[in-house]
Amino acid sequence: MYALVYTGTQELVYREEKNPKIINGESIVKVSASGICGSDMHAYHGNDNRRIPPLILGHEISGTIDKGKFSGKKVILNPLITCGKCDYCMNDREHLCNKRIILGMNKPIERQGGFAEYVSIPDQNIYELPNTLEMKEAPIAEPTAVALHAVELGEKELSKPLKKSKALVIGCGAIGLLSGLILSKVKNCKEIVIVDLNKKRLGVCSKYLDANTVQPDSKFIVSDNFDIVFDTVGMEATRQQAIKAIKPGGVIIHVGLTQPSGQFDFRKATLQEITFIGTYCYTNKDFEKTLNILANKKIGSLDWIEYRKLQDGASAFQQIHNNTCSAPKIILLI
Ligand SMILES: [Zn+2]
Ligand SMILES: [Zn+2]
């Protein structure tokens, strides 16, 4: 089969690779579409010790079952593979399983990803493609599940409903835009400010999201003003913006993984009882709920997604790297 292989820092090669072998309890999927995620970008930059080259990246995947139990079915994959037996797995928090692994990672266990013609996946990670969702759009389910999980973690901690809360979303990438869309269209949040440095990307977001789209120095980012702040970037500067903008008693949801450490105003966090929540992936229930949201078109048009061919994947990565890409999400078609 052909695959886009991550061969070294900022290096991807489209080349022939061995087909995955069928394993008991798993299926082989003929991949149709595979999204480029922020975490694939971390690997591309050589910043991910769970993704070591050579490796086929990609975990946002739709396709058709080629070999296995559901042969011929059109499917979406939940790429988060867990043990199914531990305390977390038995209590609807599979994403915290200490044996968790995501497709397109090779440490501690190798799992080749979806930037390829074929990929192997355990049967319990396979979901039928809703017939109202296009195959090429379907990989958006994975980041949408991340956003839904993040929004609902925050919702649980807030002292008032989201529809009466002021929200600040930092970052206009897929997770930022999707968090905004869920806040606005699913949770009826009326006051949303979304901030990014990239003006082109802000322009795209403003077309699809009912929010105030601004740059970081905007007068709309008032201190002590927001009930909930989503940091979908995760840099020292964005965390500082989050703690500055949050209201006393407010909730900060930290989704981004860009910079692991740095200065933070712990004094304000303490004196003003700020709740700080780290969030990662989604539970199986979140994934199912997300498919329902997408099948019912609850977050509106997905025309903000851009599509490229798998063989042109290397240039797509480069454009995201150079910040010359305005689309919050690029999906590669195989
Ligand atoms: Zn992803
Ligand atoms: Zn487990």
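Residues numbered from 1 in each chain as written. Chains lettered and ligands numbered in written order. Predicted model: local features only at pLDDT ≥ 70, side-chain atom pairs only at ≥ 80, totals over all residues. Heavy atoms only, no water.

Draft legend 1. Just the coordination of the zinc ion (ligand 2), in detail. Surrounding the zinc ion (ligand 2) are the protein donor atoms Cys-83 (SG), Cys-86 (SG), Cys-89 (SG) and Cys-97 (SG), at 2.3 to 2.4 Å. Classification of the site at the zinc ion (ligand 2) rests on its four donor atoms, whose angles at the metal span 105 to 115°, yielding the label tetrahedral. All donors of the zinc ion (ligand 2) belong to a single chain; written as a sequence motif, their spacing is C-x2-C-x2-C-x7-C. Of this pair, Cys-86 sits in the loop between β7 (80-81) and α2 (87-90) while Cys-97 is found in the loop between α2 and β8 (101-102), placing the two residues eleven residues apart along the sequence. Exposure remark for Cys-86: the relative accessible area of 19% places this residue in the buried category. (Donors = N, O, S within 2.8 Å, 3.2 Å for Na, K, Ca; no water. Tetrahedral: all angles 85-135°; square planar, octahedral: opposite > 155°, others 65-115°. Helix = DSSP H or I, 4+ residues; strand = E, 2+ residues; numbered from the N terminus. Buried < 20%, exposed > 50% of the residue type's maximum accessible area, 1.4 Å probe, protein only.)

Draft legend 2. Just the sheet that holds strand β4 (residues 55-56), in detail. Spatially, β2-β1-β4 is the arrangement adopted by the three strands of the open sheet, whose pairing is antiparallel. The open sheet has two free edges, formed respectively by β2 (11-16) and β4, since each of these has just one partner strand. The pairing of strand β1 (residues 2-8) with β2 spans six bridges and is antiparallel. Across the sheet, residue Tyr-6 finds its bridge partner in β2, namely Leu-12. (Pairing = 2+ DSSP bridges.)

Draft legend 3. Examining the coordination of the zinc ion (ligand 1) more closely. Note on the zinc ion (ligand 1): its protein donors are Cys-37 (SG), His-59 (NE2), Glu-60 (OE) and Glu-142 (OE). The metal-donor distances range over 2.2 to 2.5 Å. Between the four donor atoms coordinating the zinc ion (ligand 1), the angles at the centre fall across 86 to 164°, so the site counts as irregular.

Draft legend 4. Representation of the pairing of strand β12 (residues 191-195) in the model. Along β12, four of the five residues are buried, which leaves the element largely enclosed by surrounding structure. Here five bridges tie strand β11 (residues 166-170) to β12, and the two strands are oriented parallel to one another. Residue pairing in the sheet places Lys-166 in a bridge with Glu-191 of β12. Chirality of the crossover, the property in question, places the unit of β11, helix α4 (residues 174-186) and β12 among those that are right-handed. Relative to strand β13 (residues 212-214), β12 is paired through three bridges, and the arrangement is parallel. When the sheet's bridge partners are listed, Val-195 is paired in β13 with Val-214. As for the winding sense of the linkage, the β-α-β connection from β12 through helix α5 (residues 199-208) to β13 is right-handed. (Right-handed = clockwise from strand over helix to strand, strands pointing away.)

Draft legend 5. Structural view of the domain arrangement of the protein chain. Partitioning the protein chain into structural domains gives domain 1 (2-137 + 302-333) and domain 2 (144-278). The distance between the C-alpha centroids of domain 1 and domain 2 comes to 27 Å. Residue-level contacts link eleven residues of domain 1 with 14 residues of domain 2. Across the interface of domain 1 and domain 2, roughly 1100 Å² is buried in total on both sides, 63% from carbon and sulfur atoms. Looking at the side of domain 1 facing domain 2, the largest losses of area belong to Trp-304, Ser-326 and Pro-328, adding up to 52% of the total buried there. Across the domain 1-domain 2 interface, the total number found is zero salt bridges. When grouped by side-chain class, the residues that make up the side of domain 1 that touches domain 2 number four nonpolar, five polar and two charged. (Domains from an automatic or database assignment. Contact = heavy atoms within 4.5 Å. Buried area = accessible area lost by both parts, 1.4 Å probe. Salt bridge = Lys/Arg side-chain N within 4 Å of Asp/Glu carboxyl O. Nonpolar A, V, L, I, M, F, W, Y, C, P; charged D, E, K, R; others polar.)

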